[in-house]
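Now for the letters of each chain:
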Amino acid sequence: MDGYYSLLKAGSQLENTLQQVTVPMSVNEVGGYIEKQVAYLSGGRGEDSSVIITLPECSAFSDIPEEALAKVLTYLTLIPRRRQPGVKFIIILDRRLDTWSAIKTALARIAASFPGNLHLVLVLRPTSFFQRTVTDIGFRFSQEDFMLKMPVVMLSSVTDLLHYVDETQLTQEFGGSLEYSHGDWLVLRKAIENFAVTVKEIAQMLQAFGTELAETELPDEGKSIELLLMCHTDKYRKLKGEIRSVIREAHHLLSNLEASGLQEDLRNRWGLSQDWDTVQRLLAQLRDMEMVFDGFFDKHHLKLHQYLQLLRYEQSFQENRYSLDKLSAQEQALSGTADTLPKTEELIRALDTLESQAQDEMSRIQVTILHGHQLVASHHYALELIVQHCKELRHRCDRLSAALLTKRAKLSHTRDLLLELEEVLHWCDEGAYLLAGQLLEDFQVRESALAALKQLEKFLEGAPAPLSLQDLPAECQSFLTPPLQAQIEKAHKKLTSVQGLIGTRQASLKKLANRQTRPVQLVTPRPENPGRPKSALFSPKHGVDIKFTFDLSLPGKRTTRKSPTSRKIEVIHDYQENPSSGCSSPEGEDASDLLRRQVMKELVETERIYVDELLSVLLGYRAEMDNPALADLLPPTLRSKRDVLFGNMPEIYSFHSRLFLHDLERCLDSPEGVGACFLERKQHFQLYERYCQNKPCSESLWRQYSDCAFFQDCQRKLEHKLALDSYLLKPVQRLTKYQLLLKELLKCSMGCECAPELQGALAAMLELLKSVNDSMHQAAITGYEGELSQLGRLLMQGPFSVWPGRRRGPTPMKDLTRFKPMQRHLFLYEQALLFCKRREEHGESSQRTPSYSFKHCLKMSAVGITENIKGDVKKFEIWYSGREEVYVLQAPSVEIKMTWLTEIRRVLTNQQKLLTGSPVSERGQLSPPLSSSPLQRTSPSSEEAESCQASPVPVELAGSPPRRHRHRRSWPGASNSADVCEDLDEWSAASNLSVLSDTEEEDQGLLLPGRYRAQMDSQRSENQSLLVKSGDIIQLLQEDSEGWWLVKNLSRKLAGHLPVSHVHVILGLASRGQCSRLTDRGNVKVRKLSSP
């Protein structure tokens, strides 16, 4: 505010100066009478320094209005009165060419209008004789009137004028030597007046802007402050430009005064010295005000800038404080104790992540503190507040660092303690294995006894230090939890027990080695427990046999779980004089159990490595794409395709790190549960299907940007030897690794209770691999106009050679002339069979990705198959809609052909069951192979289809698997147009159906589920519970393994079982050797009444 007050004071001083040196009127206000030279100031002086005002000869003087004359006289008197208050005036009235009446009128108007101190009026009377006489007479009679108002002197000539005014103070028209130019005087007066007005306006603008700056309210947003600074700076620059313009105008005015070439005395007579002083004084005042304004604006600008700095610093401070609060909350939420080594390692990894985040945040906080110190060094007006914030941030950082260090120390001590416990338990387990592995036969020879003794001594050299609660350091006592204390006590007891057993075994071996010279009597296994060898410890003090059992938990088994596979070491102390030896071994197969634990350990360790690798990719690559510091290295088009490059890897990592890894770690002590673990998480593994479907897009994107500096920088920071694409392949590699490890576990678990679960887990993983592979191929299908999801689940896919087969009706010419097969990739869905053509995309050979161009679609509801084609065991036939379309397919191998036939048959069977409401088999519960099925529908072979001229009839409901036949058979699909007709009278009697067997001999006895009309009466017997009359409508439902059909008599609403021979008789098959079903194509005695 001091600068603002100084600015106001400088403006007031400038206004006072303007009032002193300028007149309240201007030349423009007087009008054109000054320019007409009605009156003027010549600059001359009379006695007592009276100012001379000259009224020259003017013929139109009487026409000048009173108001205008008064303004002219007032303006001319104000100029000297501003410079010299109380100055006297002398008027020279030149009327040498005028009349007495004009003189009288002029004197009267002067007396009425003159505003100043009129000292003397000198009148030059007319020069003509007549007018002079009239003037003398008139003046004599009117002298008293004029003298009462003003002193008037009537002069006869110019010579008389010299008696009152010096010659040097008169202009040349009055015989004087004073030079005067009225035009120059007018220009000078206007310039001075304009300069004064401009200075006054500048002063007012400076004061107004200063008031605006002083009264401006500071906003709370940084952008608003920046805009305010810009606005004020623009106004300041404009005002500075105006001031410089005025200063240049003043210098120009002074230079004109200097260039007039007049002498000093002439300038004094003209009054130019006062004008010079006026301009100089105003210029000095303006410069003073400019300096004051510059200082005020600089202070105001500095204040705004510091306020903006403080606002930004406050924002950074609040952000840093919020981040520290968040980190402190995370630190407090992170547990500092754990009971297991995996949990401790997980906490340490979480602590590492938290410390990394804290380190990054503290680096940013250090920048904020450094910024605060810079503000303090620049003498910021909020010095105390900034210092307080810096101290608070430093204190919070120190407190967080101390808390993290304390927590790391606790977790490190806990990890070290758990590692020691693990080492102790591992040593105890190895000792138990060592004792159990020393068989009875090894102790009968002295060398064997000495070797076993050395083995025990060498093993004891690696014994861990005793571990007890009393021996722990003080810093470890503070974070011991009850479960951890229990583990320490348990490990201590186990270590003591194993050391005691080893010591006893050493004593026995030493005694045996020393007494080896005497005959050794072997102790045979007891007959009541022959399959359980004992390990003996020897002592010579007693003569009785004492046996005790010591429970020892080994890796891979839970001690709290009682199972047949829990390991026990039975120790027999032989105190007889006749030394005998025994052996101890755990129950079950040691080799298989050890191998199973080894595979389980490899599974867990590789799973941990896999999770760590995923985390390194997500943090080192994916998260770094949001790092502003690396924004310059990352192409803008790649930033938006992060999900394409990495797919759903975050979801995969979340599943493995939070669920699956913990499940596997829990199975480390009980490998028999790993199969259930895989089956329980079976649905979660579907994440890999999405990942693999996205893999081609990811690889394409990687090939496009693999040389990007961003990936190279991330790889360098992570110290990875391989590029990102190798790590993006890890999920696919891991998926294949699971089935290999499960196979190894299954090999060493044959005969165990866990074998079925392992078999199920292996089957699930193999099915997942197949599903993933199929889905990747499905994603490459192009040109299909519908939605593939509407076709149901993709069951199989693979390449085939395809020929158009012989069909019903005319055959296209191009099919008749086709010798070379079409190469097609088939996709079998639950609802349709797609024919596609494989195409290779352009690119390098190693980077080509296939695509499948859609060609044709067959709905499975109208599909039938012929299993065998003569001439090639790898071929089979698919026909569609009553052989309107026929295709011969050649599989790459017989095994692939049989797999496809089995799968197609399962699809057709499930469709039939869906139409009748029967339970549908699951994917894993496939129907028996075609070659061994108990009952099948047949279709004409490729050679007999034309001769038969018959289209396949859809299969009726099959309640049991089809009957087995020796020759080829086909499984047609359900007809789209078959409807059940309840009114038998509406059926056409002229419809018929051709035989569907390859030969008439083969089709004798062929029965299929469906509705038929009985041709003969049934024969009643003791085992027959159903009465059937000729003409009844019966429905064959299901045939059991003994050859009895479940038959329903729809006409009599009865149901029962009939032997197959009776069914043949009822349907007339025993006499004719065939069964004709009822359709709309023919009329035979046996009719099938419906087809789904």
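Read on for an overview of the structure. This structure is a prediction, so every number in the text was calculated from the model and none was measured.

### Comments concerning the overall build of the chain
Phase 1 of the analysis: Regarding its fold elements, the chain presents 30 helices and 20 strands.
Phase 2 of the analysis: Considering only contacts in the chain between residues 6 or more positions apart, those separated by 24 or more positions represent 74%.
Phase 3 of the analysis: Summing over all exposed atoms, the chain offers an accessible surface of approximately 55,100 Å²; the carbon and sulfur share of this is 51%.

### Considerations on the pattern of salt bridges
Phase 1 of the analysis: One pass over the structure, following the stated rule, counts 35 salt bridges.
Phase 2 of the analysis: Put simply, arginine 734 and glutamate 607 hold a salt bridge, and the shortest N to O gap is 2.8 Å. Placement of arginine 734 in helix H24 (residues 730–747) and of glutamate 607 in helix H16 (residues 590–622) is noted, with a sequence separation of 127 residues between them. The same class applies to arginine 734 as to glutamate 607, namely buried.
Phase 3 of the analysis: With a shortest N-O distance of 3.8 Å, glutamate 613 and lysine 730 are connected by a salt bridge. Within this pair, whereas glutamate 613 is found in helix H16, its partner lysine 730 is found in helix H24, the two being separated by 117 residues in sequence.

### Section: the sheet that holds strand E18 (residues 1033–1039)
Phase 1 of the analysis: Reading across the sheet, the 4 strands line up as E17-E18-E19-E20 and stay open at both edges, with antiparallel pairing between neighbours. Single-partner strands in this sheet number two, and they are strand E17 (1010–1013) and strand E20 (1054–1059). The sheet shows a mean angle of 35 degrees between the axes of neighbouring strands, direction not considered.
Phase 2 of the analysis: As paired elements, strand E19 (residues 1044–1049) and E20 share 6 bridges and run antiparallel to each other. By the bridge assignment, asparagine 1049 is partnered in E20 with leucine 1054.
Phase 3 of the analysis: Across the sheet, helix H29 (residues 1060–1067) lies against E17, E18, E19 and E20, angled at about 110 degrees from E20, the strand it touches most.

### Digging into the side chain of serine 749
Phase 1 of the analysis: Mapped onto the elements of the fold, serine 749 is located in the loop between H24 and helix H25 (755–779).
Phase 2 of the analysis: For serine 749, a relative accessible area of 0% corresponds to the buried category.
Phase 3 of the analysis: Setting aside chain neighbours within four positions, we find serine 749 in contact with Arg596, Cys754, Ala755 and Leu758.

### Concerning the pairing of strand E16 (residues 885–890)
Each regular strand shows side chains that alternate between the opposite faces of the sheet.
Phase 1 of the analysis: With 6 of 6 residues buried, E16 is to be regarded as a mostly interior element.
Phase 2 of the analysis: What you see with E16 is no split at all: Glu885, Tyr887 and Leu889 on one side and Val886, Val888 and Gln890 on the other are buried throughout.
Phase 3 of the analysis: Note that strand E10 (residues 794–804) and E16 share 4 bridges and pair antiparallel. Residue valine 802 lies in a different strand from E16, and its bridge partner there is leucine 889.
Phase 4 of the analysis: In this structure, strand E15 (residues 875–880) lies alongside E16, joined through 6 bridges in antiparallel fashion. Following the sheet pairing, lysine 875 is matched in E16 by glutamine 890.
Phase 5 of the analysis: Hairpin connection of E15 to E16: 4 residues between the antiparallel strands, including serine 881 at a positive phi of 55 degrees.

### Considerations on the packing of aromatic side chains
Phase 1 of the analysis: Evaluation of the coordinates by the stated rule reveals 20 aromatic pairs.
Phase 2 of the analysis: Plain terms: the ring middles of phenylalanine 685 and tyrosine 738 are 5.7 Å apart, the flat faces sit at 80 degrees to each other, and that makes the pair edge-to-face. Linking phenylalanine 685 in the loop between helix H20 (674–680) and helix H21 (687–705) with tyrosine 738 in helix H24, this pair joins segments that are 53 residues apart in sequence.
Phase 3 of the analysis: Judged by relative accessible area, which is 0%, tyrosine 738 ranks as buried.
Phase 4 of the analysis: Arranged with centres 5.5 Å apart and planes meeting at 70 degrees, the rings of phenylalanine 710 and phenylalanine 711 form a pair that is edge-to-face.
Phase 5 of the analysis: Judged by relative accessible area, phenylalanine 710 falls into the buried class, the value being 0%.
Phase 6 of the analysis: The structure contains a cluster of three or more aromatic residues connected by ring pairs, namely Phe655, Phe660, Phe678, Phe685, Tyr688 and Tyr738.
Phase 7 of the analysis: The aromatic ring of tryptophan 803 is capped on one face by lysine 875, whose charged end is 4.1 Å from the ring centroid.

### Here we look at the sheet that holds strand E11 (residues 822–829)
Phase 1 of the analysis: Spatial ordering of the open sheet is given by E9-E13-E12-E11-E10-E16-E15-E14, a layout of 8 strands whose pairing is mixed. Every interior strand has two partners, whereas the edge strands, strand E9 (781–782) and strand E14 (863–866), have only one.
Phase 2 of the analysis: Here H25 sits on the sheet and contacts E9, E10, E11 and strand E13 (850–859); the angle it forms with E10, its principal contact strand, is near 55 degrees.
Phase 3 of the analysis: On top of the sheet, helix H27 (residues 894–916) reaches E10, E11, strand E12 (832–840), E14 and E15; it is set at about 115 degrees to E10, its chief contact.

### As for the pairing of E19
Phase 1 of the analysis: Burial along E19 is one-sided: the face carrying Trp1045, Val1047 and Asn1049 is buried and the face carrying Trp1044, Leu1046 and Lys1048 is not.
Phase 2 of the analysis: By the bridge criterion, 5 bridges tie E18 to E19 in an arrangement that is antiparallel. Note that in E19 the partner of leucine 1036 across the bridge is valine 1047.
Phase 3 of the analysis: The loop that links E19 with its antiparallel partner E20 comprises 4 residues; one of these, lysine 1053, has a positive phi angle of about 55 degrees.

### Some points on the nonpolar core
Phase 1 of the analysis: In this structure, Leu664, Phe678, Phe685, Phe711 and Leu724 are the most contacted members of the largest nonpolar core, which totals 56 residues.
Phase 2 of the analysis: In terms of residue count, the dominant contributor to this core is H16 (10 residues).
Phase 3 of the analysis: Those residues within four positions of leucine 724 in sequence are excluded, and the remaining contacts are Val617, Tyr621, Leu645, Phe646, Trp702 and Phe711.
Phase 4 of the analysis: Counting 55 residues, the second-largest nonpolar core is a separate cluster that includes Phe114, Val123, Leu124 and Leu155.

Procedures and definitions
Residues numbered from 1 in each chain as written. Predicted model: local features only at pLDDT ≥ 70, side-chain atom pairs only at ≥ 80, totals over all residues. Heavy atoms only, no water. Helix = DSSP H or I, 4+ residues; strand = E, 2+ residues; numbered from the N terminus. Contact = heavy atoms within 4.5 Å. Areas by Shrake-Rupley, 256 points an atom, 1.4 Å probe, with all protein chains shown as cover. Salt bridge = Lys/Arg side-chain N within 4 Å of Asp/Glu carboxyl O. Buried < 20%, exposed > 50% of the residue type's maximum accessible area, 1.4 Å probe, protein only. Pairing = 2+ DSSP bridges. Axes fitted to C-alpha atoms, helices over the stretch in contact; angles between N-to-C directions. Phe/Tyr/Trp six-rings, centres within 6.5 Å; stacked < 30°, edge-to-face > 60°. Lys NZ or Arg CZ within 6 Å of the ring centre and 35° of its normal. Core = buried A, V, L, I, M, F, W, Y, C linked by side-chain atoms within 4.5 Å.

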